[in-house]
Amino acid sequence: MGEINQNITQKTNEKVEEEVNQEEIPGVITTTSNAISDFIKKTAAQDFINWGRKNSLWFMTQPMGCCGVEMIATGCAHYDTDRFGIIPRNSPRHADVMIISGYVTKKYLPALKNLWEQMASPKWILAMGDCSISGGPFYESYSTVQNIDEIFPIDVFIPGCPPRPEALLEGFIQLQKKIAAKKDKGTNY
Amino acid sequence: MDAKTIIDSISNEFSDSISNTLIESEIRVSAYVSSPDVVEVCRYLKESLGFDHLSCESVVDYIKRDEFEVVYHIASYDHPVVLTLKAILPRDNPVIDSIVDVYWNANWYERENYELYGVSYTNHPYLKVLVLPEEMLGEWPLRKDYEGFPQKTAKNLV
Amino acid sequence: MIEKTTPSEMIVHIGPQHPMQPGPYRLNVKLHGETVVDLDVELGFIHKGIEKILENKTYLQGITIVDRMCYLAALSNEEVFCGCVERLAGIEPTPRSQYIRVIVEELSRIQSHLLGFGEFGHFIGYASMFMFTIKEREDVLSLLEMVTGTRITHSYIRFGGVREDLPEGFEEKCKKVFEGVRIACDEYEELLRTDTIFKERSVGVGVLTADIAKEYGVAGPSLRATGVPFDIRRNEPYLVYDDLDFNVCTQTEGDIFARVKVRLDEIRESMYIIEQALDQIPKGPLFAPDLPYGRRTPVMRVPQGEVFFRVEDPRGEMGMYMVSDGSDKPYRVKVRGPVFPTMQALPPLIKGESIADVTAIAGSMDSCTSEADR
Ligand code: SF4
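The notes below deal with the structure included here. (Residues numbered from 1 in each chain as written. Chains lettered and ligands numbered in written order. Predicted model: local features only at pLDDT ≥ 70, side-chain atom pairs only at ≥ 80, totals over all residues. Heavy atoms only, no water.)

So, the overall build of chain A
Part 1 of the argument: The secondary structure content of chain A amounts to seven helices and five strands.
Part 2 of the argument: Reading chain A from its N end, one meets helices and strands in the order α-α-α-β-α-β-β-α-β-α-β-α.
Part 3 of the argument: Here the analysis covers contacts within chain A between residues at least 6 apart in sequence; of these, 77% occur between residues at least 24 apart.
Part 4 of the argument: Counting every atom, chain A has about 8800 Å² of accessible surface; 52% of that belongs to carbon and sulfur. (Helix = DSSP H or I, 4+ residues; strand = E, 2+ residues; numbered from the N terminus. Contact = heavy atoms within 4.5 Å. Areas by Shrake-Rupley, 256 points an atom, 1.4 Å probe, with all protein chains shown as cover.)

Looking at the interface of chain A and chain C
Part 1 of the argument: Of the residues lining the interface, 36 residues belong to chain A; the matching set on chain C comes to 36 residues.
Part 2 of the argument: Carbon and sulfur atoms make up 65% of the area that chain A and chain C hide from each other, which totals about 3000 Å².
Part 3 of the argument: Note that Arg151(C) and Glu70(A) form a salt bridge whose closest N and O atoms lie 2.7 Å from each other.
Part 4 of the argument: Our count for the chain A to chain C interface comes out at twelve residue pairs in polar contact (both at pLDDT 80 or more).
Part 5 of the argument: For the side of chain A that touches chain C, the elements supplying multiple residues, two or more each, are helix H4 (66-75) and helix H5 (109-118) of chain A.
Part 6 of the argument: Considered class by class, the residues forming the side of chain A that touches chain C number 22 nonpolar, ten polar and four charged. (Buried area = accessible area lost by both parts, 1.4 Å probe. Salt bridge = Lys/Arg side-chain N within 4 Å of Asp/Glu carboxyl O. Polar contact = N/O pair within 3.5 Å; in protein donor to acceptor, adjacent residues only side chain to side chain. Nonpolar A, V, L, I, M, F, W, Y, C, P; charged D, E, K, R; others polar.)

Structural notes on the packing of aromatic side chains
Part 1 of the argument: Scanning the entire structure with this criterion turns up 18 aromatic pairs over all chains.
Part 2 of the argument: Geometrically, the ring pair formed by Phe59(A) and Phe172(A) is tilted, given 5.7 Å between the ring centres and 40 degrees between the ring planes. Taken together, the residues span a long stretch of sequence, with Phe59(A) in strand E1 (residues 59-60) and Phe172(A) in helix H7 (residues 165-180) at a distance of 113 residues. For the residue pair Phe59(A) and Phe172(A), the accessibility class agrees, reading buried in each case.
Part 3 of the argument: On the basis of an interplanar angle of 40 degrees and a centroid distance of 5.4 Å, the ring pair of Phe117(C) and Tyr188(C) is categorised as tilted. Remark: Tyr188(C) occurs in helix H6 (residues 170-194) and Phe117(C) occurs in helix H4 (residues 95-123); sequence separation between them is 71 residues. Grouping residues by exposure puts Phe117(C) and Tyr188(C) together as buried.
Part 4 of the argument: When the ring centre of Tyr331(C) is taken as origin, the NZ or CZ atom of Lys144(B), which lies over that ring, is 4.1 Å away.
Part 5 of the argument: We note Arg233(C) situated over the ring of Tyr241(C); from NZ or CZ to the ring centre the distance is 5.8 Å. (Phe/Tyr/Trp six-rings, centres within 6.5 Å; stacked < 30°, edge-to-face > 60°. Buried < 20%, exposed > 50% of the residue type's maximum accessible area, 1.4 Å probe, protein only. Lys NZ or Arg CZ within 6 Å of the ring centre and 35° of its normal.)

A look at the sheet that holds strand E6 (residues 305-313) of chain C
Residue and element names in this part refer to chain C.
Part 1 of the argument: With antiparallel pairing, the three strands of this open sheet are ordered in space as E6-E7-E8. In this open sheet, the two edge strands, each paired with only one partner strand, are E6 and strand E8 (330-336). Strand-to-strand twist of the sheet, defined as the mean angle between neighbouring strand axes without regard to direction, takes the value 15 degrees.
Part 2 of the argument: With nine bridges connecting them, E6 and strand E7 (residues 316-324) associate as antiparallel partners. Bridge pairing in E7 links Val307 to Met322.
Part 3 of the argument: Docked against the sheet, helix H3 (residues 74-89) engages E6 and E7, running at close to 150 degrees with respect to E6. (Pairing = 2+ DSSP bridges. Axes fitted to C-alpha atoms, helices over the stretch in contact; angles between N-to-C directions.)

As for helix H14 (residues 356-364) of chain C
Residues and elements named next belong to chain C.
Part 1 of the argument: A large share of H14 lies buried, amounting to eight of its nine residues.
Part 2 of the argument: Regarding H14, the residues found buried are Asp357, Val358, Thr359, Ala360, Ile361, Ala362, Gly363 and Ser364.
Part 3 of the argument: One or two steps after H14, the chain reaches Asp366, where phi turns positive at roughly 55 degrees.

A closer look at the site of the ligand
Part 1 of the argument: Near the ligand, the surroundings consist of 13 residues, among which Cys66(A), Cys67(A), Asp130(A), Cys131(A) and Cys161(A) are the closest.
Part 2 of the argument: Site remark: the ligand is flanked by residues from chains A and C.
Part 3 of the argument: Those elements that provide at least two residues to the shell around the ligand are H4 and helix H6 (130-134) of chain A.
Part 4 of the argument: Class assignment for the residues of the shell around the ligand results in eight nonpolar, three polar and two charged. (Near = heavy atom within 4 Å.)

Points about the interface of chain C and chain B
Part 1 of the argument: Listed per partner, the contact involves 39 residues of chain C and 43 residues of chain B.
Part 2 of the argument: Interface area for chain C against chain B, summed over the two sides, is near 3600 Å², with a carbon-plus-sulfur share of 56%.
Part 3 of the argument: On the chain C side of the contact with chain B, Lys52(C), Tyr331(C) and Gln344(C) bury the most area, a combined 19% of that side's loss.
Part 4 of the argument: Note that Glu112(B) and Lys334(C) form a salt bridge whose closest N and O atoms lie 3.2 Å from each other.
Part 5 of the argument: One can count 17 residue pairs in polar contact (both at pLDDT 80 or more) joining chain C with chain B.
Part 6 of the argument: Breaking the side of chain C that touches chain B down by element, the ones donating at least two residues are helix H1 (50-55), helix H8 (210-216), E6, E7, E8 and helix H12 (339-344) of chain C.
Part 7 of the argument: For the side of chain C that touches chain B, the per-class residue count stands at 19 nonpolar, six polar and 14 charged.

A few points about the state of the cysteines
Residues and elements named next belong to chain C.
Part 1 of the argument: Under the definition given, this model contains zero disulfides over all chains.
Part 2 of the argument: There is no disulfide at Cys185, and the cysteine sulfur nearest it, in Cys249, is 11 Å away.
Part 3 of the argument: Residue classification places Cys185 among the buried residues on the basis of a relative accessible area of 0%. (Disulfide = S-S within 2.5 Å.)

Section: the nonpolar core
Part 1 of the argument: Of all hydrophobic cores here, the largest spans 181 residues; its most connected members are Leu45(B), Leu85(B), Tyr103(B), Leu27(C), Phe81(C) and Met322(C).
Part 2 of the argument: Looking at this core, the element that brings in the most residues is H4(C), giving twelve residues.
Part 3 of the argument: With residues near it in sequence (within four places) discarded, Phe81(C) still touches Leu54(C), Tyr59(C), Gly62(C), Ile63(C), Val66(C), Phe159(C), Met320(C) and Met322(C). (Core = buried A, V, L, I, M, F, W, Y, C linked by side-chain atoms within 4.5 Å.)

Some details on the side chain of Glu140(A)
Part 1 of the argument: For Glu140(A), the position within the fold is in the loop between H6 and strand E5 (156-158).
Part 2 of the argument: Given a relative accessible area of 9%, Glu140(A) falls into the buried group.
Part 3 of the argument: Within the local environment of Glu140(A), its side chain forms a polar contact with the side chain of Lys57(C), the two groups lying 3.1 Å apart.
Part 4 of the argument: In this structure Glu140(A) touches Phe149(B), Pro150(B), Gln151(B), Ile53(C) and Lys57(C), once residues within four positions along its chain are discounted.

Thoughts on the packing of H4(C) against helix H11 (residues 256-280) of chain C
Residues and elements named next belong to chain C.
Part 1 of the argument: In the contact formed by H4 and H11, the axes pass within 9 Å of each other and the chain directions differ by 155 degrees. By the angle between their axes, H4 is roughly antiparallel relative to H11. In the crossing of H4 with H11, the sense of the turn from one axis to the other is left-handed.
Part 2 of the argument: The residue makeup of the contact of H4 with H11, split by class, is 17 nonpolar, three polar and four charged. (Parallel < 35°, antiparallel > 145°, perpendicular 65-115°, else oblique. Left-handed = near helix turned anticlockwise from the far one by under 90°.)

Examining the packing of helix H2 (residues 59-67) of chain C against H3(C)
Pairs of packed helices are described in terms of their axes, by the angle between the two and the distance that separates them.
Residues and elements named next belong to chain C.
Part 1 of the argument: Viewed as axis vectors pointing N to C, H2 and H3 meet at an angle of 150 degrees, and their least axial separation amounts to 8 Å. The orientation of H2 with respect to H3, classified from their angle, is roughly antiparallel. Of the two possible hands of crossing, H2 and H3 adopt the one that is right-handed. Residue-level inspection shows Tyr59, Gly62, Ile63, Val66 and Asp67 of H2 in contact with H3, the latter providing Ala74, Asn77, Glu78, Phe81, Cys82 and Val85.
Part 2 of the argument: Split into classes, the residues belonging to the contact of H2 with H3 amount to seven nonpolar, two polar and two charged.

Here we look at the pairing of E7(C)
Residue and element names in this part refer to chain C.
Part 1 of the argument: Burial of E7 is extensive: nine of the nine residues sit out of reach of the surface.
Part 2 of the argument: If you look at the hairpin formed by E6 and E7, you'll find two residues sitting between the two strands.
Part 3 of the argument: Inspection of the sheet shows E7 paired to E8 by six bridges, in the antiparallel sense. The residue of E8 that forms the bridge with Val323 is Arg332.

Have a look at this one:
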C-alpha cells in the first residue's frame, strides 16, 4: 500500500501543479478524488473494488409499466434476489441500479432524468423489456419517447414483453460480469 | 325499470330535444339529444329515472360527416339498463355544456376529452390537461386528422 | 392547481416515483401542520395513447394491445375487448371456452387481489405482508402460466373462443394451490384481526359512505366495502356467471379495513367459482365449427355498429365502447377503466386526513396507473 500511496501523491502533485497552479503549502498535499480514482483504476485495487460493487447491486423499484410488476416480483420472496446481493430499494439515493421497466413517455422523461441524477455514482442502468429497448408495442404512439439508449448509458438490455423474472436475474448477472471485466459504462458516472 | 318505459319517459318529457331513440336490447337503449339541453336531460335522468351512475363519457370523431359525437353512457347502481346519450357538435367549433353539476365524476372525463379532442366544455370547474404533457395541448391527438401518428422516430423501424 | 395561500402551509409532492405507487402518478398535497387541506392528482406519466393505437390495429392485433392496458388484470381487458367484438359480429363463444374464460379470469382476479392486498401492507410499512402474498401469487401465476403460457400478458382470449385448451393435470394442480391459498388467506385474516398496529391504521380511516361512493362513480371492492352489492357479474351477467353460485362480498363500514377484507373474501369466492367451473365444464370444441374467423385469422371484418359492454375487473367496472365502420379495424375504442374514477375520488377522500394516512388511503384503493392513463 505504501507504494501506491506514494504514487498517488506524486502523480496528483504533478497534476495539481500543472492544472490548478495552486500555492504550495509546505507539508500539505492537495489532490482531488477524481485524480485518485483515475489512478486506482490502473491498479489491482480496482478489481477488488469492483468485486465489492458487483455483489451489492441495489436497484430502485420504480414500476413504469407491465414490466414493473415483474420487476417487483423479482425482488420478492420467490425469486429471492438477495442471494446475489440484489436488493430492491425505494429511494434513488440508496440505489446503484436503475431499471427502466417500461415505456418512457414525454411527460415522464424529465422525472426519469431527475431520478438518474439523484442516484449516487457509481450507478448502472438496465433497460428491461421491449418498450425501453425499441418501443415495443407502443413504438408509434404519440406520447412515448423512442431510442432511450441515446439518452441514458444503458449497460444491459433485457428483451421480452415482459421478460420473465429469471431473465431479469440473468440481466443482473451479465451486469456483474461486465463490472468484473471493467467493461461497464456506469462506473464512470 | 325496463328499456321501454325509460325511452317513453324521456321522449315525453323532452319531446323537442330527444330524437332517434333506439331500443337495442333489454339493457341497452340509446338516444340523440340536442346539445344545449344535455344538462337538463341528465338532471332528469338522475333525479327521476334512477340513472345515478355516469359510466363513461367519450367523443367520437366522424370526420366524413364533419361532426363530433359526444357520447354519455349513463347507468345505474340499481337496474342494469345503460342509456347511451349522444350529442352532435360541429367539428370546427365544438362547445357543449359541462355536466359536472349533475354527475360529479364527469370532471376528469371532460378534461380528457378536451385535451384529446379539443371539445371545450362551458361551466367546467377546471378545464386543463390531465394526461398529456402541457406542451402537447392543442394538437388534439385523437382526432382522425392528427398528423403525429404514427410516430416515426424509432430508429429500428423496418 | 394547488397554491400556497398562507405562510404556514406547505406543499408536498408525492411521486411520480414513490414506494407507495404501483405506477407513476403524482399527488400534490397541501399541508397545514400535519393535516391535508388540499390535494390534486396528476396523471399521464405513462399515457401511451392506447385508444389511438387500437384504432390503427386490426382486431386480432388489438388483443395484444389491450393486454398491456392494466397489467394486473390483463384477462379482463381481453374479455371486454373480445366481448365487444363478439357482440358486434354476432358470435357466441362455445360453452367450453366460456367456462375456461371464467376460470382464467377468476385466477387473474385472485392474483390481482393478492398483489393489491400485499402492496397495501407494504404501504403502511408492513413489508413482510408483501413478501407473503407474493409467494402465493407466484403459485397462482404458475397456474395461469400453465394455461396461457405467460405470466402477466396473456393474449389468450380469442373472438368466439380461447387460444388453447386447459392442459392435463390442471385440475389437480389447482386443488393443490388453492389449499395453500386458503390457508394463507386464513392466516392473513387472523393477522388483520389481531394486529393492533394494522387495525389502528385501517379501522375508521378513509371512510367512504355508500352515497358518496356512488356520487364519485367508484365501483368494485371499494364500493362493495360500503355495503352496495354492485357487481357486474351479478347485475349484468356475461359468460356463464349466471349458472355459477357465488356471493357478492360486501362490508358495511367503508373504511380501509373493509376494503381489504372485501378483497380477501373475494379471493375465497373466486376459488369457489373456479372449483364449480372445473366440476361443471362441458366437453366440446373451443371454437364453433362454422366460425368464419377462428384462432388465427389475421383479417376479419366486423359489421358496422357500436356496442358498450361491461365486465367486472378485479378493481371494478370495466367498460368498453366500440364503434365499427365495417373495416378490419375498429373506428373508435373508448375504455372506461375502473381506476380512473377511483383516482378521481382520491382528493375528496384524503382531504382532512393526516399526511401519514395518505399512503394508506391511496394504497387501499388498489389503483393501477397504467389503466387510468391508458
Ligand atoms: S415491454 Fe411489454 S410488458 Fe414490458 S412494459 Fe412494454 S409492453 Fe409492457
